[in-house]
Amino acid sequence: MDIQLEKKPWYIRYRYHLLGGTAFLGLLVYVIVLSLGPRRLRVSLDDIQICEVKNDKFLEYVDVEGLVQPILTILVNAGEAGSVQRIVAEEGSLLQQGDTILVLDNPELLRDIEDQRDEWEKQLFTYREKEIEMEQQRITLQKQALQTEYELEKLRKTFELDKEEFRMGVKSKAQLDVAEAEYRFKLETARLERESLRHDSTVNLIRRDLLRNDRERERKKYERTRRRLDGLVVTAPVGGQLSFVKVVPGQQVAATENLAEVKVLDQYKIHTSLSEYYVDRVTTGLPAAITYQGRRYPLRVSKVVPEVKGRTFDVDLVFAADSLPDNLRVGKSFRVQIELGQPEEALVIRRGDFYQSTAGQWIYKLNADRTRARRVSLGIGRQNPQQYEVTDGLQPGDWVITTGYSNFGEAEELVIK
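Just so you know, these numbers come straight off a predicted model, no measurement behind them.

Definitions and cut-offs
- Residues numbered from 1 in each chain as written.
- Predicted model: local features only at pLDDT ≥ 70, side-chain atom pairs only at ≥ 80, totals over all residues.
- Heavy atoms only, no water.
- Helix = DSSP H or I, 4+ residues; strand = E, 2+ residues; numbered from the N terminus.
- Rg over C-alpha atoms; globule rule 2.2 N^0.38 Å.
- Buried < 20%, exposed > 50% of the residue type's maximum accessible area, 1.4 Å probe, protein only.
- Contact = heavy atoms within 4.5 Å.
- Areas by Shrake-Rupley, 256 points an atom, 1.4 Å probe, with all protein chains shown as cover.
- Pairing = 2+ DSSP bridges.
- Phe/Tyr/Trp six-rings, centres within 6.5 Å; stacked < 30°, edge-to-face > 60°.
- pLDDT = per-residue confidence, 0-100.

Novice: Looking at this model, I keep getting lost on the overall build of the chain. Mind explaining?
Specialist: Scanning the chain from N- to C-terminus turns up five helices and 22 strands. Since a compact globule built from 417 residues should have a radius of gyration of about 22 Å, the 53 Å found for the chain marks it as more spread out than a globular shape. Over its C-alpha atoms, taken along the principal directions, the chain stretches across nearly 225 × 60 × 35 Å. Considering the chain as a whole, with its 417 residues, one finds that 32% of them fall into the buried category. Restricting the contact set of the chain to residue pairs at least 6 apart, pairs at least 24 apart contribute 76%. Summed over its atoms, the accessible surface of the chain is roughly 26,900 Å², and 51% of this surface lies on carbon and sulfur atoms.

Okay, here's the thing in structure tokens:
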């Protein structure tokens, strides 16, 4: 006989369907909640770096690479045109001031000097003849004056005798007048000859001075021409290292043509290039420093070339007195820190790659227990190679994430594991 089975309730019969539908609704609600709420991303604490926002000393400076260069580089030019006869000094050799670098040859200059010397000797002979002539003329005038004085003295005695004889009645008045007229004529003649002698003496002195000046001028002219020979020997203008010689034996060079280069090695400078961003802030006199073998060496900016090329400009720095690293070599590189001001109290955070990803406009800020981080707006002011100055968006004591931003995508919130 058949047994009638009891019919099960519907929720028992459709329990699997109900469980599946409930799970689907739950998943749908979860997806909707996620889509409407902030986008989250789980990250590991080991994959990020965090730092505290705090008030600290902020020193704005630039950290760049600089190369050691000699304090002065001097170009050596040819003093005279000619052909290179021989090169004496080798490239890289250390020279003292006046050491010979190379020797030039100029046959035409040698002929000019010989011609000038012959001309000088002729002029010297002519000047000597004129001096002898003036001396003879002076002697002749003196003899004439002496003769006139002698004759004048004879006439004076004769005239005195005639006056005595006139008083004695030996000579007449007419004879006395004739003797007196002759005496006075001779007296006036002697006065004129003395005046002429003085005048000629003055003229001779002037002529002598003129001749002497002409002779000295010709001598200097000849000396200048002769000194041109020294220009055929090219020497080091200062002591230093001969960097290069850019000519070869037999090469024809022109006057003032650059032949070589000498680097002064008793002092050094550091040359670097900075971004155009700093062109208005870097000036001569700014302090700087390098660190070498654990010791800090102070520098100062000595030269700024404000012309921007390739978005950079050139800066030279010199070492402070008595502060030079040992074994310094031209071409050696150092990291140079150029200070742009004095240390100031500021709200700062440590540098990180967040700036490249966010342009400094936002950052992830951690909650109090550091389990979550959310985006917050950020204002960045000045910066140095270690710090950013915070101008807006954070407070002292806040903690932020500074690295790993390339892996976060568009996440609004990070969950820290």
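Novice: When you look at the pairing of strand β4 (residues 61-77) in this model, what are you seeing that I'm missing?
Specialist: Strand direction decides the pairing type here: β4 and strand β15 (residues 333-339), joined by seven bridges, are antiparallel. Each residue of the ladder has a partner; that of Val-64, found in β15, is Val-336. With ten bridges connecting them, β4 and strand β11 (residues 258-275) associate as antiparallel partners. Bridge pairing in β11 places Thr-73 opposite Lys-263.

Novice: Help me out: how do you make sense of the packing of aromatic side chains in this one?
Specialist: Aromatic ring pairs are described here by two measures, namely the spacing of the ring centres and the angle between the planes. Scanning the entire structure with this criterion turns up ten aromatic pairs. Between Tyr-292 and Phe-334, the ring centres sit 5.4 Å apart and the planes meet at 85 degrees, which makes this aromatic pair edge-to-face. Note that Tyr-292 is positioned in strand β12 (residues 287-292) and Phe-334 in strand β15, a separation of 42 residues in sequence. Each member of the pair, Tyr-292 as well as Phe-334, is classed as buried. Between the aromatic rings of Tyr-364 and Tyr-405, the centroid separation amounts to 5.3 Å while the plane-to-plane angle is 40 degrees, which identifies the pairing as tilted. Linking Tyr-364 in strand β17 (residues 362-366) with Tyr-405 in the loop between β21 (399-401) and β22 (413-416), this pair joins segments that are 41 residues apart in sequence. For Tyr-405, a relative accessible area of 5% gives the class buried. Put simply, the rings of Phe-354, Tyr-355, Trp-362, Tyr-364, Tyr-388, Tyr-405 and Phe-408 touch in pairs and so form one group of aromatic residues.

Novice: Can you walk me through the confidence of the model for the chain in this structure?
Specialist: Interpretation of this model should avoid reading the predicted coordinates in detail wherever pLDDT is low. Residues with a pLDDT of 70 or more make up 91% of the chain, whose mean pLDDT is 83. Per-element averaging of pLDDT across the chain places helix α1 (residues 10-13) at the bottom with 57 and strand β14 (residues 312-319) at the top with 93.

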